[in-house]
Amino acid sequence: MTATETAPGPERATLDKAASENFPVAPFFLPRAWRDDLMAVYGFARLVDDIGDGDLAPGGADARLLGVSPAEAEDRLVLLDAYEADLRRVFDGTPRHPLLRRLQPTVRRRSLTPEPFLGLIAANRQDQLVTRYETYDDLLAYCALSANPVGRLVLAVTGTSTPERIRLSDAICTALQIVEHLQDVAEDLDRDRIYLPAEDMKRFHVQETDLGAKTAGASVRALVAYEAQRARDLLNEGAPLVGSVHGRLKLLLAGFVAGGRAAIRAIAAAEYDVLPGPPRPGKVQLLREAGVILRGEG
């Protein structure tokens, strides 16, 4: 019986979302101890994103578990503040939410620090306050909160953190975040969020209204191609991380890089028209990319 099968109510509902993520969260080939700890980290990260996106399960169970009154249960900033307070109990007390109680043994076993968890909360808090990014550097600063902590936590859980691996991991995670933004331009616009830098939109003569079209015009396609190349360059910069580790962790990290490259190929195959829906790579393409990486050819 798996950890998700034994989890109650809202905890299980959150953990079950791992099956639909773009990348495998805790694949079967990893050691059981790693899988359990990665699932605990995933539970934290998934719930904070659900709070930030307004995607909590109906009924208000998560708000009640965090001690938020029904009157404030729809206020995302209040929920994020309560989640942060409960996170701090992971390190110096007993948290209220079962996902954070699940996380506590992982934090102690792996000597994890609060910083990456706080970064993910800060990113979701920023999503409530900032919906446009003027420059690419502004977007990179957001990715440092929203994406890079995940890679750092994977390295910490697996006991493989070094300054150079963290630098390479940050490049990969930022690239994956940019790719996700490119796939989800239309969905993000529905949430009144645009993660394409305004300076780049201006450069390619793209207006916000162009992003709401059913299909992309030439200017939007050129902009998406430009940002996709940036993501490709970051993936190439971070790819040596795969060769710096061994065994099953190497397979996991190769899967992350391969997923990013395959997604970029899918975007290119759609001729950079991401507006009808997210271009997704097939499994064959993903396996092909992983094979190239594991053979050390890319």
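The preceding data block contains the structure.
Let me sum up the structure you'll find in this document.

The rules behind the values
Residues numbered from 1 in each chain as written. Predicted model: local features only at pLDDT ≥ 70, side-chain atom pairs only at ≥ 80, totals over all residues. Heavy atoms only, no water. Helix = DSSP H or I, 4+ residues; strand = E, 2+ residues; numbered from the N terminus. Buried < 20%, exposed > 50% of the residue type's maximum accessible area, 1.4 Å probe, protein only. Contact = heavy atoms within 4.5 Å. Areas by Shrake-Rupley, 256 points an atom, 1.4 Å probe, with all protein chains shown as cover. Polar contact = N/O pair within 3.5 Å; in protein donor to acceptor, adjacent residues only side chain to side chain. Patch = residues over 30% accessible without salt bridge, like charges linked within 9 Å, V, L, I, M, F, W, Y side chains within 5 Å. Salt bridge = Lys/Arg side-chain N within 4 Å of Asp/Glu carboxyl O. Lys, Arg positive; Asp, Glu negative; His and termini not counted. Charge placed at Lys NZ, Arg CZ, Asp CG, Glu CD. Phe/Tyr/Trp six-rings, centres within 6.5 Å; stacked < 30°, edge-to-face > 60°. Expected span 1.5 Å × (residues − 1). Core = buried A, V, L, I, M, F, W, Y, C linked by side-chain atoms within 4.5 Å. Axes fitted to C-alpha atoms, helices over the stretch in contact; angles between N-to-C directions. Parallel < 35°, antiparallel > 145°, perpendicular 65-115°, else oblique. Left-handed = near helix turned anticlockwise from the far one by under 90°. Nonpolar A, V, L, I, M, F, W, Y, C, P; charged D, E, K, R; others polar.

### Quick word on the overall build of the protein chain
Logical step 1: In terms of helices and strands, the protein chain carries 16 helices and zero strands.
Logical step 2: Seen through its principal axes, the protein chain has C-alpha atoms that stretch 55 × 50 × 35 Å.
Logical step 3: A total of 298 residues make up the protein chain; the buried ones form 47% of that total.
Logical step 4: Long-range contacts, defined as pairs at least 24 residues apart, comprise 68% of the intrachain contacts of the protein chain with a sequence gap of at least 6.
Logical step 5: For the protein chain, the accessible surface area stands at approximately 13,800 Å², while carbon and sulfur atoms represent 54% of it.

### Brief notes about the side chain of Ser-146
Logical step 1: Checked against the element boundaries, Ser-146 lands in helix H8 (residues 136-146).
Logical step 2: Polar contacts involving the side chain of Ser-146 include one to the side chain of Gln-177, which spans 2.7 Å.
Logical step 3: Contact partners of Ser-146, with chain neighbours within four places excluded, come to Leu-120, Ala-123 and Gln-177.

### Some words on a negative patch on the surface
Logical step 1: Residues Glu-134, Asp-137, Asp-138 and Glu-199 make up a contiguous surface patch of negative charge.
Logical step 2: Looking at Asp-138, the relative accessible area reads 34%, which means it is partly exposed.

### Some thoughts on the packing of aromatic side chains
Logical step 1: Going through the model one piece at a time under the given rule, you end up with eight aromatic pairs.
Logical step 2: Measuring from ring centre to ring centre gives 5.1 Å for Phe-44 and Tyr-83, while their planes differ by 10°; the resulting arrangement is stacked. Taken as a pair, Phe-44 in helix H3 (residues 32-53) and Tyr-83 in helix H5 (residues 76-92) lie far apart in primary sequence, 39 residues in all. Both residues of the pair, Phe-44 and Tyr-83, belong to the buried class.

### So, H5
Logical step 1: Helix length check: H5, at 17 residues, gives a terminal C-alpha distance of 25 Å against a target of 24 Å (1.5 Å per residue), a fit within 8%.
Logical step 2: Within H5, burial applies to Leu-79, Leu-80, Ala-82, Tyr-83, Glu-84, Asp-86, Leu-87 and Val-90.
Logical step 3: One side-chain oxygen of the residue at the start of H5 lies 3.1 Å from the amide nitrogen of Leu-77, identifying that residue as Asp-75.

### Some thoughts on the nonpolar core
Logical step 1: Residues Phe-44, Tyr-83, Leu-103, Phe-117, Ile-178, Leu-196 and Leu-211 are the most contacted members of the largest nonpolar core, which totals 83 residues.
Logical step 2: It is H3 that provides the largest number of residues to this core, a total of eleven residues.
Logical step 3: If we ignore the near neighbours within four places in the chain, the residues touching Leu-103 are Ala-40, Val-41, Phe-44, Leu-87 and Phe-117.

### A look at the pattern of salt bridges
Any two side chains of opposite charge can pair if their charged atoms end up close together.
Logical step 1: As enumerated under the stated definition, the model contains 23 salt bridges in all.
Logical step 2: Note that Glu-164 is salt-bridged to Arg-167, the shortest N-O span being 2.8 Å. Of this pair, Glu-164 and Arg-167 both sit in helix H10 (residues 163-183), separated by three residues, roughly a single helical turn.
Logical step 3: Note on Glu-164: relative accessible area 43%, which makes it partly exposed.
Logical step 4: Residues joined in a network through salt bridges with shared partners are Asp-81, Glu-84, Arg-88 and Arg-125.

### Comments concerning unusual backbone geometry
Logical step 1: Even without a glycine there, the phi angle at Asp-192 is positive, about 60°.
Logical step 2: With respect to the element layout, Asp-192 can be found in the loop between helix H11 (185-190) and helix H12 (198-203).
Logical step 3: Even without glycine at this site, Tyr-272 takes up a positive phi of about 65°.
Logical step 4: Tracing the sequence through the fold places Tyr-272 in the loop between helix H15 (247-269) and helix H16 (283-294).

### Quick look at the packing of helix H7 (residues 115-129) against helix H9 (residues 148-157)
Packed helices, taken two at a time, are described by the angle between their axes plus the distance between the axes.
Logical step 1: The geometry of H7 relative to H9 is characterised by a closest axis approach of 9 Å and an angle of 155° between their N-to-C directions. Accordingly, the angle class assigned to the pair H7 and H9 is roughly antiparallel. Our pair here, H7 against H9, has a crossing hand that is left-handed. Contact residues: Pro-116, Phe-117 and Leu-120 in H7; Pro-149, Val-150 and Leu-153 in H9.
Logical step 2: Grouping the constituent residues of the contact of H7 with H9 by class yields six nonpolar, no polar and no charged.

### Here's the deal with the environment of Val-150
Logical step 1: Inspection of the secondary structure assignment puts Val-150 in helix H9.
Logical step 2: Separated by 19 residues in sequence, Val-150 and Ser-169 place their C-alpha atoms 9.1 Å apart.

### Things to note about the environment of Ala-268
Logical step 1: Tracing the chain through its elements places Ala-268 in helix H15.
Logical step 2: Once the C-alpha coordinates of Ala-268 and Pro-279 are considered, the two residues, eleven residues apart in sequence, prove to be 8.8 Å apart.

### Re the packing of H3 against H9
Logical step 1: With their axes 10 Å apart at the nearest point, H3 and H9 run at an angle of 150° to one another. Considering the angle they form, H3 stands roughly antiparallel to H9. Here the hand of the crossing between H3 and H9 comes out right-handed. On H9, the residues touching Trp-34, Asp-37, Leu-38 and Val-41 of H3 are Leu-153, Val-154 and Val-157.
Logical step 2: By residue class, the composition of the contact of H3 with H9 is six nonpolar, no polar and one charged.

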